Amino acid sequence: LTPQYVKASIDGRIGRIRLNRPERYNALNRAMIREIVEAMERFDQDETVAVIVLNGEGKSFSAGADIEEMVDATPVSMELLDPFADWDRISRLHKPLIAAVHGFVLGGGFELALACDLIYATPETQFAFPEVGLGVMPGAGGTQRLTKRIGRTRALEWLWTGDRMPASEAQQLGIINRIVEADQLEAHVLTVAERIAAQPVMSVRLIKDAVDKAGNLSLQDGMDHERRNFYLLFGTNDQTEGMQAFVEKRQPTFKGN
Ligand code: HXC
């Protein structure tokens, strides 16, 4: 099936996903989320793709979940639809996910960005969780991911007020990696993506896997997990090549396995 709301393409070793519903500020209806997740999963399993980059077409990254689609929902319709099952699939991806955001990054759009590993934003970008003003709350990880990033006290203030957080504050709070001028955002993000894509694939993958454990395990369990991953890397060709190249004082040529 041809996606209706996203454009997906492969650019070198970068899998690109562009949210493409600009007339609605890329409001995320269920079909759109499914298309995003399916494109992510296809890239995650495609050996030619090393890094996945997400951005929004038009004036904004995304104004959040499609309110018109939710206006008549009931607890039972939500339970039966289980709209968040698709969102959960994002956490199971192995490859680096980078969000390049601009304009409004609201509600579900903010949650989608927070589900990515790295976030780059333009100076004018505004982040917010406006759900409180609609009589609801974030449902796709916003309360959890924001709190883990910035702590309870600060997260509650943003979630209760629904205020717009400028990119500069998002950067100070450690929510985003870097602010890049709008006309340079795409080039900057592709450069970062290409740098990561040039690294040994298994190292990149097992680093993400270990870092994810830091949020969920005790320090010792996380370190045990890290060690397993470290040992596993000694079974890769890229470890042999990387260390041999160092010893022989030459540049390594990585094979990606
Ligand atoms: C459905 C939306 C939408 C949304 C914008 N549109 N956001 N439709 N869901 N989230 C539509 C408008 O209805 C309008 O359609 C068109 O996009 C242009 O928007 P305008 O409001 O006319 O533009 P503007 O005045 O520039 O304001 C832009 C805006 C505002 C600040 C982004 O639209 C806005 O506040 N949107 C809602 C943001 C929000 O509350 N997000 C949280 C959603 S709840 P027409 O047909 O009139 O042209 C959520 C829960 C997450 O995300 C749960 C997990 C998934």
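Residues numbered from 1 in each chain as written. Predicted model: local features only at pLDDT ≥ 70, side-chain atom pairs only at ≥ 80, totals over all residues. Heavy atoms only, no water.

Things to note about the overall build of the protein chain
(1) Moving on: For the protein chain, the helix and strand inventory stands at 12 helices and nine strands.
(2) Moving on: Against the globule reference of 18 Å for 257 residues, the protein chain gives a C-alpha radius of gyration of 19 Å, in line with a compact fold.
(3) Moving on: For the protein chain, the spread of C-alpha atoms along the principal axes amounts to about 65 × 40 × 40 Å.
(4) Moving on: When burial is assessed residue by residue, the protein chain has 41% of its 257 residues classed as buried.
(5) Moving on: Partitioning the intrachain contacts of the protein chain with sequence separation of at least 6 by distance along the chain shows that 65% fall at a separation of at least 24. (Helix = DSSP H or I, 4+ residues; strand = E, 2+ residues; numbered from the N terminus. Rg over C-alpha atoms; globule rule 2.2 N^0.38 Å. Buried < 20%, exposed > 50% of the residue type's maximum accessible area, 1.4 Å probe, protein only. Contact = heavy atoms within 4.5 Å.)

Overview of the site of the ligand
(1) Moving on: In the vicinity of the ligand, 23 residues are found, and the nearest of them are Tyr25, Ala63, Ala65, Ile67 and Gly108.
(2) Moving on: In this structure, arginine 24 approaches the ligand through a side-chain N or O atom, which is 2.9 Å from an oxygen atom.
(3) Moving on: Here alanine 63 contributes a backbone N or O atom positioned 2.8 Å from a nitrogen atom of the ligand.
(4) Moving on: Here the ligand loses 66% of its free accessible area of 1000 Å² to cover by the protein chains.
(5) Moving on: For the shell around the ligand, the secondary structure elements donating two or more residues are α2 (67-70), α4 (84-88), β5 (104-106) and α5 (108-114).
(6) Moving on: Considered class by class, the residues forming the shell around the ligand number 13 nonpolar, four polar and six charged. (Near = heavy atom within 4 Å. Polar contact = N/O pair within 3.5 Å; in protein donor to acceptor, adjacent residues only side chain to side chain. Areas by Shrake-Rupley, 256 points an atom, 1.4 Å probe, with all protein chains shown as cover. Nonpolar A, V, L, I, M, F, W, Y, C, P; charged D, E, K, R; others polar.)

Focus: the sheet that holds strand β6 (residues 118-121)
(1) Moving on: On the basis of which strands lie adjacent, the open sheet formed by six strands has the order β1-β2-β3-β4-β6-β9 and mixed pairing. Looking along the sheet, the strands with just one partner apiece sit at the ends: β1 (6-11) and β9 (178-179). (Pairing = 2+ DSSP bridges.)

Quick word on the confidence of the model for the protein chain
(1) Moving on: Looking at the protein chain, pLDDT values average 97 and 100% of them are 70 or higher.
(2) Moving on: The ipTM for the predicted assembly is 0.98, set against a pTM of 0.97. (pLDDT = per-residue confidence, 0-100.)

Observations concerning the nonpolar core
General note: in soluble globular proteins, nonpolar side chains tend to be found buried as a group.
(1) Moving on: Core analysis: the biggest nonpolar cluster contains 45 residues, and Ile36, Leu112, Phe127, Leu146 and Ile175 have the highest contact counts within it.
(2) Moving on: In terms of residue count, helix α1 (residues 30-45) provides more of this core than any other element does, seven residues in total.
(3) Moving on: Other than its neighbours up to four places away in sequence, leucine 146 contacts Phe110, Leu114, Phe129, Gly141, Gly151, Ala155, Trp158, Leu159 and Ile175.
(4) Moving on: Counting residues in each nonpolar core, the second largest holds 14 residues, with Ala50, Ile98, Val189 and Leu190 among its members. (Core = buried A, V, L, I, M, F, W, Y, C linked by side-chain atoms within 4.5 Å.)

Focus on the environment of serine 91
(1) Moving on: Its location among the elements puts serine 91 in the loop between α4 and β4 (97-101).
(2) Moving on: A sequence separation of 26 residues divides serine 91 from aspartate 117, and the C-alpha atoms of the two residues are 10.0 Å apart.

So, the packing of helix α6 (residues 142-150) against helix α7 (residues 152-161)
Angle between the axes and distance between the axes: these two values describe a pair of packed helices.
(1) Moving on: For the pair α6 and α7, the least separation of the axes is 7 Å and the interaxial angle reads 135 degrees. Relative to α7, the element α6 is oriented oblique. Taken as a pair, α6 and α7 cross one another with a handedness that is right-handed. Of α7, the residues touching α6 (which contributes Thr143, Leu146, Thr147 and Ile150) are Arg152, Arg154, Ala155, Trp158 and Leu159.
(2) Moving on: Considered class by class, the residues forming the contact of α6 with α7 number five nonpolar, two polar and two charged. (Axes fitted to C-alpha atoms, helices over the stretch in contact; angles between N-to-C directions. Parallel < 35°, antiparallel > 145°, perpendicular 65-115°, else oblique. Left-handed = near helix turned anticlockwise from the far one by under 90°.)

Focus: unusual backbone geometry
(1) Moving on: The phi angle at aspartate 82 is positive, at roughly 50 degrees, despite the residue not being glycine.
(2) Moving on: With respect to the element layout, aspartate 82 can be found in the loop between α3 (75-81) and α4.
(3) Moving on: One non-glycine residue, lysine 249, lies in the positive phi region at around 55 degrees.
(4) Moving on: Within the fold, lysine 249 resides in the segment after α12 (237-247).
(5) Moving on: We classify lysine 249 as exposed; its relative accessible area is 76%.

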